[in-house]
Every structure is written in structure tokens, then in C-alpha cells.
Amino acid sequence: MEAAIEIEGLTKTFGHGPDAIASVDHLSLRVDKGEIFGFLGPNGAGKTTTVKMLAGIIFPTSGAARLLGKPLGDVATRARIGFMPETVRLSTFMRAEDWLGFHARLYGMDAGRSRARVKEVMARTGLAGRAGSRVRDFSQGMMQRIILAQAIINEPDLLFLDEPASALDPLGRRDLREIITGLRDRGTTIFLNSHLLSEVELVCGRVGILNHGKLIRVDKLGDITGPVQVVDVKAEGISSETAAAIRRLAAKVEFGLDGRFTATLDSEEQLGKLAEIITRGGGALKEFSPRRISLEDAFLEEIGEDGSS
Amino acid sequence: MKTIAVYTLRQTLRSKSMIAGLGVSLLYLAALPLFSATGGGTVTVGSAGQGTTAAAQFLGYALGGLNLIGMFMALFLTLGSIHTDIENGTMAMIITKPLSRARIITGRWAGYAALMTGYVLIIGLVLWLAVVLGTGEPFLGYIPALALVCLNVTTMMTLTFAVSVFLPAAANAVLVFLVFIATTNLSLINVAGAAAGETAETIIGNLFRLMLPVGVVGDQLHSLVVNSPGQTPAFLVPGNLFVAYEVIYIAALLQLGVRAFKRKDLK
């Protein structure tokens, strides 16, 4: 698989001498083309600094990176890249469609193409009816939508999203997920920097966890969250023999009222066996809910509850 | 670059500083006949001699006022220019587009330059036409003088614009104001030197004036208009070293801004 992002020993230090702080410390990472990569970490971990270095907003102190096969700072490559910054308070008097048209022209689009793309991205980001509204009058959520719209106006091959859902309502987040998965389907690589782990969990194939400027883990989402280990069950007509069989199968069982119990299993394969034991024993399954360790749990485990890993 | 320039132009036209500047300009235009009257001169329609001289003086004063208002407008419009764009995140979005940093800065500068030049030309030409139609005299010396006002306004704009790459608006205002005051006051050594016939003082005074050359070129406005009604215009006063110096000064400031921006970490 070809790489969309290759980072080698990227470091960014702020300050000088003994007061110097490494915001990003010898980061090395590879993101393949077509991937949705989640970049996680607590506040101050260096996520935004990393994205800013990759987007060309700040310069690395040392190290190197290549985007779409070209070194950082290659102006022509930026035509294939989209960037959505974290917090922007736009004070422009321009109307939404003019402001987006300006960004389209910065990508070198002619007037006709620019108009068509503006219309398209406005519809896609839920701004279809706001073409004539002044950008400065937008709410924070609308502002985030239009900033996303400028990031995708060039149909990028590589898209950097820095906290894209922080000001979005549930509807906006759903739209964002659809945009992200839609872009992935057309081959766009997405580098998603987010605090919203539930959002990351829904769209990312692979995640990296950054803490104190160092990359402490990169893995597939499934490998980080781990297999299903716990299952919540509600069943009627469980005999004492069936209960004993369940106890023998599971590492741990906690029986509750109304035929409810929670079983902790050693492997995901035991889920089927558990259901079989209940039904063969004459029980009637009413609920069977396997629980996966959430990304949040896995994340907290990686960085430590106090972020001190 | 053109896209950035047009964007800058459109943005600035709607800014409060621009609206306030236009308001002051209109008040100034409305009050000009009063200044002229208190100065003892009147514009006599279709006459020569005394009336023509008074009209030339009126144009000279009017242009001097336009020069000052234009420079202050340029200053207020560009004080926070690049710094504000960086602070509010607008620049982060522009800089990730396929444009070099030098083109972004040059485009922004070109937008401001076009706006301020347009402003000076419109107001200046309205004044000129009014007087030319009133007196029947062409006052051709006014044209190069108007070009010098454009140059002065561009100089002041370029200074505050270039400093806005480094400093926020308030610090920029303080710095440029100090440079302006220092240049104006220290250049008085030149006047004292000339009065006393001391060449060294004259040279020292002139060197201080070079820190911000708007005063040097500004001095020529009045004499250009008043002394040359009906003369052939000498565009940009060929051979005038101070004008050449001011052009180089603008280019050097812009280059300074570009170089600083190329290495700058943005927010």
C-alpha cells in the first residue's frame, strides 16, 4: 500500500535553552492512502502541533515528513490537500458563497468550476440555504460547517481535520461522519485529530495515541479496543444445571434478578457456546448484548487515568 | 495573487476603519472652502492672475490635507492586517492552499495599495476637476503632485503592513507613531542647519528624514501645485532622488515583510 503520510522523527520545540519544551518529540508515523487515521491524545499532547506542521502552518524543529510522496512545504502538492483548523472565529463581511468561492479560486479553480463546487459543498455540509448569509453572523456550529466546506472544496486526496466535530450538534456530527466516509469511499486519506473518541470509534480504521509529544501506540481500532469479553444476558427458564454449565464456561458470572446475568468470557468464540448452553438447557433468550471495551477505556488505559503514561 | 488582492480589497472596503476614513474625507471635502476662505484665498471663476494663484494655493492645501488623511487611513487600515489574520485563524486556511507565502503577502499588499491609490486618485481628481472647471486653468503641476500623494500613502501603508507581520495592532501603532514623530522632529535639524548655513546639520537632518521619507516628498506637493499652473506635468519628478529613495524604501519594506512571513510559525 502506498503511503499518504510518512513522518520521520518530526520534532517541534517551543522556547529556547533550559525552558525549551518539546511539543512533539521525534514522531515517526505512516498513514496509507485511503485510510481514516484517528490521532488521539489528551490536551497538550501535541496533536494540533503535529497537524500544523504537516499542513505547513508551523515549521518543524527537526525531522522530516512527506505528504502524497512530496516533502513538506511543496506548494503544488497543497492543491491535493484539504485542511480544517481547530478553532477559527471568522469575522469576514463576505457572504458564505463568496467566501467559499474565494477559497476555491485559491485552489486555482476558474469561475465556473468554483461556482459549481461551492454549490456542491454547501449542500454537502448542510449550508444549502445559507449561501447569501454573512459568514460573521454564523453560529459556532455553522462556522465549523463552512470551515469544513472550504477544506473539501478541492476534493482533496489528503484531508486534515483538527477537532472537526467540537462545535457540531448531533445532526452535524452525523453529516460529518457521512462526509468522512464518503470521502474515504472515493479514496481520500483522512487524518482525524479529535477528542471525541466516540466519533473516532465510528469512522477510523486505525488510531495513534500521542502523549507528552510521543507516540505511545499505533494500532488498528479493533486491536486497541480488544475482543468482546463481557456479555449482558436476560433469559427465562434457566435451570440450575444450565447455570452450572454457564459458570463452568465463563471466567466470571454475576447473576441478578429477573433472569439477568453478566458473564465475562475468555474469548469472543465463547459467545456462541454461551447462547447454545442457554437454549439447549431449555432457556429462552430475551436479551444478549456483548460489550466491547470502548476506545475511551482503552485510551485511558494507554495514557493512564491522569495522562501520566 | 490577484485573488488575494481582490479579497483584501473587498474585505477592507467593508471595514470600520475604511468607513470612518471615508467619513473624515467627506467632512474634509465639505470643510475645504472654509479653510480656503480663512486663508484669504478665493477661487475666481474664469479669471487669471490673483484668482488663479488663490486657486493654486487652494489645491496645494487641499492636496496637503489629502496626503495627511490618506496616510492616517493607510495606517489604521493595515495596523493589524497580517497579525489579525494569524490570530483569528484565517491565515492558517489561506496558507494551506497552493500559494507560496511570498505571493500571499504580496497579494495582500497589492490589495491595500490598490485601495489606497484608488481612494487618493478619486478624491484628488474630484478636487482637481472642480477647480479646473471653475477657473479654466489646467493646473498640470497638480498631476505629479497627486502621484506623490499616492506614493506617500503607499509608503505609510507598506510600513504598517510590514510591521503587522511581527507585531499586533497596538504595538504597531506605537512603533509607527514613534518613527513618525522622531522623523518629523529630528528632521528639524535640517531646517536649523539650513538657516544657520551649516552643511553638516543639513545633512544630518536629511538623514533622519530618510527613516520615513513621506515628509520629504510631501514638502514638494505645495510647490509643485502652486508654482506650476499650466506647466507640463513632470510625472514622478524625474531626477528627484528622494522619490527614487521612497520607491526603494517601499520595495525594501515589502521584502522585509515577505522574508519575515516566510519563516514565521503561525497560530
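Worth saying up front: this structure is predicted, and the values here are computed from it rather than measured.

### As for the sheet that holds strand β3 (residues 36-40) of chain A
Residue and element names in this part refer to chain A.
Then comes step 1: In space, the six strands of this open sheet follow the order β6-β7-β8-β3-β9-β10, with mixed pairing throughout. A strand with exactly one partner marks an edge of an open sheet, and here the two such strands are β6 (81-84) and β10 (214-220). Direction aside, the axes of adjacent strands within the sheet are offset by 15° on average.
Then comes step 2: Examined bridge by bridge, β6 and strand β7 (residues 158-162) share four bridges and lie parallel to one another. Counted as the bridge partner of I81 is L158 from β7.
Then comes step 3: With respect to the sheet, helix α4 (residues 140-152) is in contact with β6 and β7, its orientation differing from that of β6 by roughly 165°.
Then comes step 4: Most of the contacts of helix α10 (residues 295-303) go to strand β9 (residues 206-211), to which it runs at about 35°, and overall it touches β3, β9 and β10.

### Quick word on the sheet that holds strand β12 (residues 252-255) of chain A
Residues and elements named next belong to chain A.
Then comes step 1: A sheet is described by the order of its strands in space; here four strands give the open sequence β12-β13-β11-β14, paired in antiparallel fashion. Looking at which strands have only one partner, the edges of the open sheet turn out to be β12 and β14 (284-291). Sheet twist, expressed as the mean angle between neighbouring strand axes with direction ignored, is 15°.
Then comes step 2: Each of β11 (230-236), β13 (260-264) and β14 touches helix α9 (residues 270-280); the most contacted strand, β14, lies at about 165° to it.

### Quick notes on the packing of aromatic side chains
Then comes step 1: The final tally for this structure, using the stated rule, is ten aromatic pairs over all chains.
Then comes step 2: Ring plane angle 10° and centroid distance 4.0 Å describe the contact between F102 of chain A and Y7 of chain B, whose orientation is recorded as stacked. Of the two residues, F102 of chain A sits in helix α2 (residues 96-106) while Y7 of chain B sits in helix α1 (residues 2-13), which places them in two different chains. With respect to burial, F102 of chain A and Y7 of chain B carry one shared label: buried.

### Quick look at the packing of α1 of chain B against helix α6 (residues 101-135) of chain B
Residues and elements named next belong to chain B.
Then comes step 1: Here α1 crosses α6 at 50°, and the two axes come no closer than 7 Å. In terms of orientation, α1 and α6 fall into the oblique class. Judged by the twist between their axes, the crossing of α1 over α6 is right-handed. Every residue of α6 that contacts α1 at I4, A5, Y7, T8, L9, T12 and L13 is listed here: I104, G107, R108, A110, G111, Y112, A114 and L115.
Then comes step 2: Tallied by class, the residues present in the contact of α1 with α6 amount to ten nonpolar, four polar and one charged.

### Examining the domain arrangement of chain A
Then comes step 1: Domain annotation of chain A identifies domain 1 (3-224) and domain 2 (227-291).
Then comes step 2: Measuring from the centre of the C-alpha atoms in domain 1 of chain A to the corresponding centre in domain 2 of chain A gives 44 Å.

### Let's talk about unusual backbone geometry
All names here are of chain A.
Then comes step 1: Its identity is not glycine, yet H26 carries a phi of approximately 45°, on the positive side.
Then comes step 2: Mapped onto the elements of the fold, H26 is located in strand β2 (residues 21-32).
Then comes step 3: Phi angles above zero are rare outside glycine, and E155 is one such case at about 50°.
Then comes step 4: Tracing the chain through its elements places E155 in the loop between α4 and β7.

### Comments concerning a nonpolar patch on the surface
Then comes step 1: A cluster of nonpolar side chains, contributed by L68, F72 and F76 of chain B, occupies part of the molecular surface with about 290 Å² of accessible area.
Then comes step 2: Relative to the helices and strands, L68 of chain B is located in helix α3 (residues 50-78).

### Quick notes on the interface of chain B and chain A
Then comes step 1: On the chain A side, the residues contacting the 26 residues of chain B number 29 residues.
Then comes step 2: Regarding the contact of chain B and chain A, the summed buried area is about 2,500 Å², with carbon and sulfur atoms giving 63% of it.
Then comes step 3: At the boundary of chain B with chain A, the tally comes to two salt bridges.
Then comes step 4: Its salt-bridge partner being D98 of chain A, residue R10 of chain B comes within 3.4 Å of it at the nearest N-O pair.

### Notes on the pairing of strand β1 (residues 3-14) of chain A
The side chains of a regular strand alternate between both faces of the sheet.
All names here are of chain A.
Then comes step 1: In terms of strand pairing, β1 meets β2 through eight bridges, oriented antiparallel. Of the residues in β2, the one forming a bridge with T13 is A22.
Then comes step 2: With antiparallel pairing between neighbouring strands as the criterion, β1 and β2 make up a hairpin whose turn holds six residues, including G15 at a positive phi of roughly 90°.
Then comes step 3: As paired strands, β1 and strand β4 (residues 62-67) are joined by five bridges and run antiparallel to one another. Bridged to I7 within β4 is A65.

### Points about helix α5 (residues 170-185) of chain A
Each full turn of the α-helix corresponds to 3.6 residues, which orients residues three or four apart in the same direction.
Residue and element names in this part refer to chain A.
Then comes step 1: In this model α5 runs 23 Å from its N-terminal to its C-terminal C-alpha over 16 residues, within 8% of the 22 Å that 1.5 Å per residue would give.
Then comes step 2: Within the span of α5, buried status applies to G172, D175, L176, I179, I180 and L183. Take α5 and look down its axis: the buried residues cluster within an arc of 135°, on one side only. When the buried face of α5 is taken as reference, the exposed residues oriented beyond 90 degrees from it are P170 and D185.

### Focus: the environment of C204 of chain A
Residue and element names in this part refer to chain A.
Then comes step 1: Structurally, C204 is set in the loop between α6 (197-203) and β9.
Then comes step 2: For C204, a relative accessible area of 6% puts it in the buried group.
Then comes step 3: C204 sits 166 residues away from G38 along the chain, and the two C-alpha atoms are 5.7 Å apart.
Then comes step 4: Residues contacting C204, with those up to four places away along its chain left out, are I36, F37, G38, L192 and L221.

### Brief notes about the pattern of salt bridges
All names here are of chain A.
Then comes step 1: Enumeration over the complete set of coordinates arrives at 22 salt bridges over all chains.
Then comes step 2: The partner of D157 in a salt bridge is R80, and the shortest N-O contact between them spans 2.9 Å. Of the two residues, D157 is situated in the loop between α4 and β7 and R80 in the loop between β5 (70-71) and β6; the sequence distance between them amounts to 77 residues.
Then comes step 3: One salt bridge in this structure joins D185 and R184, with 3.5 Å as the shortest N-O distance.
Then comes step 4: Connected through shared salt-bridge partners, R145, D169, R174, D175 and E178 make up one network.

What counts, and at which threshold
- Each residue is numbered by its place in its chain's sequence as written, counting from 1.
- Each chain takes a letter, starting from A, and each ligand takes a number, starting from 1, following the order in which they are written.
- This being a predicted model, a pLDDT of at least 70 is required before a residue's local features are given, and a value of 80 or more before pairs of side-chain atoms are given or counted; all residues contribute to the totals for chains, interfaces and linings.
- As a rule here, side-chain values come from all non-hydrogen atoms in the structure, and water together with hydrogens is ignored.
- A strand pair is defined by DSSP finding two or more bridges across the two strands.
- Counting from the N terminus, the helices are DSSP H or I runs at least four residues long and the strands are E runs at least two residues long.
- The axes are straight lines fitted to the C-alpha atoms, using for helices just the contacting stretch, and the angles between their N-to-C directions are given from 0 to 180°.
- Contacts are assigned to residue pairs that have any heavy atoms within 4.5 Å of one another.
- Ring pairs are drawn from Phe, Tyr and Trp, using the six-membered ring of Trp, whenever the two centres fall within 6.5 Å, and their geometry is named by plane angle: stacked under 30 degrees, edge-to-face over 60, tilted for the rest.
- Burial classes: relative accessible area under 20% of the type maximum marks a residue as buried, over 50% as exposed, and values in between as partly exposed (1.4 Å probe, protein chains only).
- Throughout this description, any angle smaller than 35 degrees is read as roughly parallel, any larger than 145 degrees as roughly antiparallel, any in the 65 to 115 degree range as roughly perpendicular, and the remainder as oblique.
- Note on convention: the crossing is left-handed when the near helix lies turned anticlockwise from the far helix by less than a right angle, right-handed when the turn is clockwise.
- When residues are grouped by polarity, Ala, Val, Leu, Ile, Met, Phe, Trp, Tyr, Cys and Pro land in nonpolar, Asp, Glu, Lys and Arg in charged, and all others, Gly among them, in polar.
- For every domain, the bounds stem from an assignment made automatically or drawn from a database.
- Patch rule: a residue counts if its relative accessible area is over 30% and it has no salt bridge; like charges are joined within 9 Å, and nonpolar side chains (Val, Leu, Ile, Met, Phe, Trp, Tyr) within 5 Å.
- In these tables, accessible area is a Shrake-Rupley quantity obtained with a 1.4 Å probe, and a residue counts as shielded only by the protein chains included in the view.
- Any Lys or Arg side-chain nitrogen found within 4 Å of a carboxyl oxygen on Asp or Glu counts as a salt bridge.
- Throughout, buried area stands for the accessible area (probe radius 1.4 Å) lost by two parts on being put together, summed over both.
- What a helix should span is 1.5 Å times the count of its residues minus one.
- In this description, the arc belongs to the directions extending from the helix axis to the C-beta atoms.

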